[in-house]
Every structure is written in C-alpha cells, then in structure tokens.
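Summary of the model geometry
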Amino acid sequence: MASIHATIVFAMVVVGGATRLTESGLSIVEWKPVTGALPPIGEAEWQAEFQKYQTSPEYKLKNYGMSLEEFKGIFYWEWAHRLLGRLIGLFFFVPFVWFWVRGRIPAGYKPRLIVLFILGGLQGALGWYMVKSGLVDEPAVSHYRLTAHLSLALLIFAALYWTALSLLNPQPERTSGALKKLSHSFMAVLVLQIVMGALVAGLKAGHIFNTWPLMGDTFVPEGLLVMEPVWRNFLDNAVTTQFDHRIGAYVLTALVLALLYMARGQSYRLKKGVYALTLAVAVQMFLGITMLLKEVPVSWGTAHQGGGVLVLAATIYLMHMQRGRTAK
C-alpha cells in the first residue's frame with residue numbers, strides 16, 4: 001500500500017511541476033475539496049468557471065482577452081493536480097480502514113499511518129493557502145508558500161517510501177560507519193538543495209543566466225548579495241538562489257563520487273544502491289543543465305523536478321539499507 005501511495009505522490013509532484021511551468025496553478029479560484037472533483041460539464045458550467053477566473057489578478061494583468069478554449073488548457077492542469085491529491089487521500093484511507101478492521105496492519109505502524117493521513121490533509125490545505133497568495137493583488141504565488149508546499153509533498157513521499165521499504169526489506173545491510181555517515185551527509189545537503197530548488201522555481205530564477213558553467217561572463221555573478229540585510233539574499237534574491245542551487249549540485253556530485261569510492265568492499269546490495277544514486281545524480285545534473293540552457297521549457301523543467309524526486313528516492317533507499325548497526 002505504501003509503495004503505491006509513494007508512486008502516486010511522485011506523479012503528483014511531477015504534475016505539480018508541469019502545472020507551475022504552464023502557469024496553470026491560478027486557473028481555479030475556489031477550493032472545493034468534494035464538489036470540485038469533477039470538471040465543468042457543458043457550456044454553461046464552463047462559462048461560469050471562466051467568469052470566476054476573469055475576476056482574478058492573473059486574468060486582468062496577464063491573460064486579459066484569453067479565450068474559453070485557452071482557459072480550458074490551463075484549467076485541466078490544475079484540476080488534474082487537485083484530482084491526484086483527492087485520489088491519494090481516497091486510496092490511502094479506504095485500504096487503511098480495511099486493513100485496520102481486519103487486523104492486518106503490522107504492529108507499530110498504526111500511529112505512523114495516522115500521521116501520514118493527517119499530513120496528506122494538511123498538504124491539501126497548504127496547497128490552497130499557496131494558491132490564495134496569487135489571487136489577491138499580484139498573479140504570482142508566494143515563493144515561501146510554494147517552497148513549503150513542495151517540501152511537505154517530498155516529506156510525505158519520503159515517509160511513504162521509507163515505510164514501504166521497511167515492509168518489503170525488514171533486514172538492513174551491515175555497513176561501515178564512514179559510508180553511513182557520508183550517506184547521511186548527502187541527505188542533509190540534498191534537503192537543502194531541494195529547498196533551494198523550490199525557491200529558484202518560486203522566484204523564476206531559472207529564467208536568468210541561462211548559461212553554464214558560467215553565470216553570464218563570470219562564475220560568481222553580479223548582484224549576488226545586494227539585498228539588505230544579507231540573509232534576505234538567500235531567500236529572496238533570484239541571482240543568489242540560482243548560484244546556491246548550482247553550488248549545491250556540485251557539492252552533491254562530489255559527495256556521490258566519494259560514496260562511489262567508499263562503496264568498494266561493501267555488499268553487492270549496498271553497491272547497487274550507491275550505483276543507483278550515482279546514476280540518478282548524473283541524470284539530474286544533465287536535466288538541470290539542459291533545462292537551464294533551453295531557458296526552462298515545460299518538458300525539461302518537469303523532467304528536472306521528477307529527477308529530483310528520483311535522487312531523493314535513491315538516497316532514501318541507500319540510507320534504509322544502512323539503518324542497522326555498522327560493521328566494525
């Protein structure tokens with residue numbers, strides 16, 4: 001059950017990336033968790049939905065004069081994203097109750113599953129809280145709220161995937177303390193990289209300095225620390241967030257190469273885990289650089305967001321194998 005839900009959450013993150021990149025996230029200006037499960041049916045319902053959108057800042061300031069057919073194009077992306085959220089809740093709750101009633105939930109897992117269900121509900125509310133920020137004055141969601149929304153989605157994915165691995169592979173591998181510590185260090189940097197990537201997305205920082213390896217004509221670009229106080233640059237400065245995201249990618253590459261070196265002499269399963277992580281990082285680097293050079297088209301941007309989830313999954317898999325005692 002947990003593995004299926006992790007897969008659906010992965011799909012939702014990817015669809016969420018496409019929704020953001022197609023600028024479709026503000027197309028539905030109401031939050032109807034139950035009645036909003038179905039799209040408009042018939043011309044009258046479509047016109048009514050379109051009229052609601054026409055009251056939004058996005059229509060007035062960015063999409064004024066948009067046709068109904070063009071509106072349908074962005075509407076369906078956001079509707080699909082919300083529908084996946086509803087399906088995740090439904091596919092989680094129904095089997096959960098069924099297994100609980102029949103006494104099939106393994107010992108110790110009930111509290112964890114209850115927390116995961118609550119987090120799923122909070123994620124839906126957080127998503128609407130994010131959308132609301134773009135329905136007031138400016139047709140853009142808060143990059144803080146977007147970062148929180150994506151981060152919680154990946155936390156839920158990580159918890160579901162870890163739970164699935166615990167059920168499928170209850171016995172950990174014996175490993176060296178150094179490899180285990182380095183795996184945890186990789187995860188710590190990866191978490192920061194994911195947060196920074198969300199800030200880059202929210203600030204649309206990928207649309208500036210579409211060159212690599214330099215940012216424009218230099219490695220360290222101008223405008224890096226121009227905001228006061230200085231700490232604001234790391235959260236609100238598009239130049240700084242893109243620079244930090246690049247540096248994070250280089251650090252992760254160095255760490256995965258170190259993991260690859262240290263995996264010599266480990267078990268075959270551990271080696272496979274390190275190889276899988278190395279491949280995921282290499283693919284993600286390729287996707288990120290290509291996306292940047294192509295100025296963030298929807299296809300490459302969506303693939304890059306999905307690639308980030310795969311790197312996270314590979315890291316969780318490696319850490320899960322090493323959750324037991326280390327070998328002396």
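Starting from 1, residues in each chain are numbered consecutively following that chain's sequence as written. With pLDDT at 70 or above as the cut-off, local features in this predicted model cover only qualifying residues; side-chain atom pairs require 80 or more to be listed or tallied, and sums for whole chains, interfaces and linings still use all residues. Think of the side-chain values as coming from all heavy atoms in the structure, minus any hydrogens and water.

1. Regarding the overall build of the protein chain
Where we set the bar: The way it works is that DSSP assigns letters per residue, a run of H or I at least four long becomes a helix, a run of E at least two long becomes a strand, and they are numbered from the N terminus. With the radius of gyration taken over C-alpha atoms, the globule rule is written as 2.2 Å times the number of residues to the power 0.38. Burial status follows relative accessibility: with a 1.4 Å probe on protein chains alone, a residue under 20% of its type maximum counts as buried, one over 50% as exposed, and anything between as partly exposed. Pairs of residues are marked as contacts when any of their non-hydrogen atoms sit within 4.5 Å. Residue burial considers only the protein chains on display, and all accessible areas are found by Shrake-Rupley using a 1.4 Å probe. Positive charges are assigned to Lys and Arg, negative charges to Asp and Glu, while His and the chain termini are left out of the count. A charge is said to be at NZ when it belongs to Lys, at CZ for Arg, at CG for Asp and at CD for Glu.
Counting its regular elements, the protein chain contains 11 helices and two strands. Its C-alpha atoms give the protein chain a radius of gyration of 22 Å, near enough to 20 Å, the size a compact globule of 328 residues would have. Principal-axis analysis of the C-alpha atoms gives the protein chain an extent of 70 × 65 × 35 Å. Within the protein chain, buried positions represent 45% of all 328 residues. Partitioning the intrachain contacts of the protein chain with sequence separation of at least 6 by distance along the chain shows that 76% fall at a separation of at least 24. Split by element, the accessible area of the protein chain, about 16700 Å² in all, is 68% carbon and sulfur. One finds the centroid of the 28 positive side-chain charges in the protein chain at a distance of 21 Å from the centroid of its 18 negative side-chain charges.

2. Thoughts on the packing of aromatic side chains
To keep things clear, this is the line we draw: Stacked, tilted and edge-to-face pairs are distinguished by plane angle, under 30 degrees for stacked and over 60 for edge-to-face with tilted covering the rest, among Phe, Tyr and Trp rings (Trp via its six-membered ring) whose centres lie within 6.5 Å. Each ring is checked for a lysine NZ or an arginine CZ that lies within 6 Å of its centre and within 35 degrees of its normal; such an atom marks a charge sitting over the ring.
Evaluation of the coordinates by the stated rule reveals 20 aromatic pairs. Seen in terms of ring centroids, Phe 92 and Phe 117 are 6.0 Å apart; in terms of plane orientation they differ by 20°. Their pairing is stacked. Of this pair, Phe 92 sits in helix 4 (residues 68-101) while Phe 117 sits in helix 5 (residues 110-132), and the two are 25 residues apart along the sequence. By relative accessible area, which is 35% here, Phe 117 ends up partly exposed. Following the ring pairs from residue to residue traces out a cluster consisting of Trp 46, Phe 50, Tyr 53, Tyr 59, Tyr 64, Phe 71, Phe 75, Tyr 76 and Trp 79. A cation over an aromatic ring shows up here: Lys 110 above the ring of Trp 100, its NZ or CZ 4.4 Å from the ring centre. Seen from the ring of Tyr 129, Arg 145 lies directly overhead, with NZ or CZ sitting 3.7 Å from the centre.

3. Quick look at the layout of surface pockets
Quick note on the threshold: Think of a 1 Å grid over just the protein atoms. A cavity is a set of points where a 1.4 Å probe fits yet cannot get out, a pocket is an open set with protein on both sides within 12 Å along at least five of seven lines, and lining residues have an atom within 4 Å of a point. Grid points are joined across faces, edges and corners, and a volume is the space filled by probe spheres set on the points. Under the scheme applied, nonpolar residues are Ala, Val, Leu, Ile, Met, Phe, Trp, Tyr, Cys and Pro; charged residues are Asp, Glu, Lys and Arg; polar residues are all the others, including Gly.
Roughly 320 Å³ of volume is contained in the second largest pocket. Going through the elements one at a time, helix 2 (43-53) and helix 4 are the ones with two or more residues in the lining of the second largest pocket. Considering only residue class, the lining of the second largest pocket consists of eight nonpolar, two polar and seven charged.

4. Quick look at the packing of helix 10 (residues 268-293) against helix 11 (residues 298-321)
Formally: Helix axes use the C-alpha atoms of the stretch in contact, all axes being lines fitted to C-alpha atoms, and the angles between their N-to-C directions lie in the range 0 to 180 degrees. Should an angle fall under 35 degrees it is taken as roughly parallel, and over 145 as roughly antiparallel, whereas 65 to 115 is taken as roughly perpendicular and any remaining angle as oblique. It is the rotation of the near helix from the far one that decides the hand of a crossing: anticlockwise by less than a right angle makes it left-handed, clockwise makes it right-handed.
At a closest axis distance of 9 Å, the pairing of helix 10 and helix 11 adopts a crossing angle of 160°. Classed by the angle they form, the pair helix 10 and helix 11 counts as roughly antiparallel. Two packed elements cross with a definite hand, and for helix 10 against helix 11 that hand is left-handed. For the contact of helix 10 with helix 11, the class distribution of residues is 17 nonpolar, nine polar and one charged.

5. Examining the environment of Pro 95
In this fold, Pro 95 is placed in helix 4. Judged by relative accessible area, Pro 95 falls into the partly exposed class, the value being 24%.

6. Overview of the pattern of salt bridges
Put simply, the test is: Throughout this description, the term salt bridge denotes a Lys or Arg side-chain nitrogen within 4 Å of a carboxyl oxygen of Asp or Glu.
For the structure shown, the criterion picks out seven salt bridges. For the salt bridge of Glu 30 with Lys 52, the shortest nitrogen-to-oxygen distance reads 3.0 Å. With a gap of 22 residues between them, Glu 30 in the loop between helix 1 (2-21) and helix 2 and Lys 52 in helix 2 connect regions that are remote in the sequence. By relative accessible area, Glu 30 is classed as partly exposed at 30%. For Lys 72, the salt bridge identified is with Glu 69, shortest N-O distance 3.3 Å. Separated by three residues within a single helix, Lys 72 and Glu 69 lie in helix 4, roughly one turn from each other.

7. Focus: the nonpolar core
The line we're drawing: By nonpolar core is meant a set of buried Ala, Val, Leu, Ile, Met, Phe, Trp, Tyr and Cys residues that side-chain atoms within 4.5 Å join together.
Of all hydrophobic cores here, the largest spans 56 residues; its most connected members are Phe 186, Leu 190, Leu 259, Leu 277 and Leu 312. Of all the secondary structure elements, the ones that give two or more residues to this core are helix 1, helix 4, helix 5, helix 6 (143-168), helix 7 (177-203), helix 9 (238-262), helix 10 and helix 11. Of all the elements, helix 6 adds the most residues to this core, at 10 residues. Beyond its immediate stretch of four places on either side in the chain, Phe 186 contacts Leu 252, Leu 255, Val 256, Leu 259, Leu 277, Val 281, Val 311 and Thr 315. Ile 28, Leu 68, Ile 74 and Trp 79 belong to the second-largest nonpolar core, a separate cluster that totals 11 residues.

8. Observations concerning the packing of helix 7 against helix 11
Orientation of helix 7 relative to helix 11, taken along the N-to-C sense of each, is 155°, at an axis distance of 10 Å. As summarised for this structure, helix 7 and helix 11 are arranged roughly antiparallel, according to the angle between their axes. Handedness of the helix 7/helix 11 crossing: left-handed. For the pair formed by helix 7 and helix 11, the contact residues are Ser 183, His 184, Phe 186, Met 187, Leu 190 and Ile 194 on the first element and Val 311, Leu 312, Thr 315, Ile 316, Leu 318 and Met 319 on the second. In the contact of helix 7 with helix 11, the residues fall into nine nonpolar, three polar and no charged.

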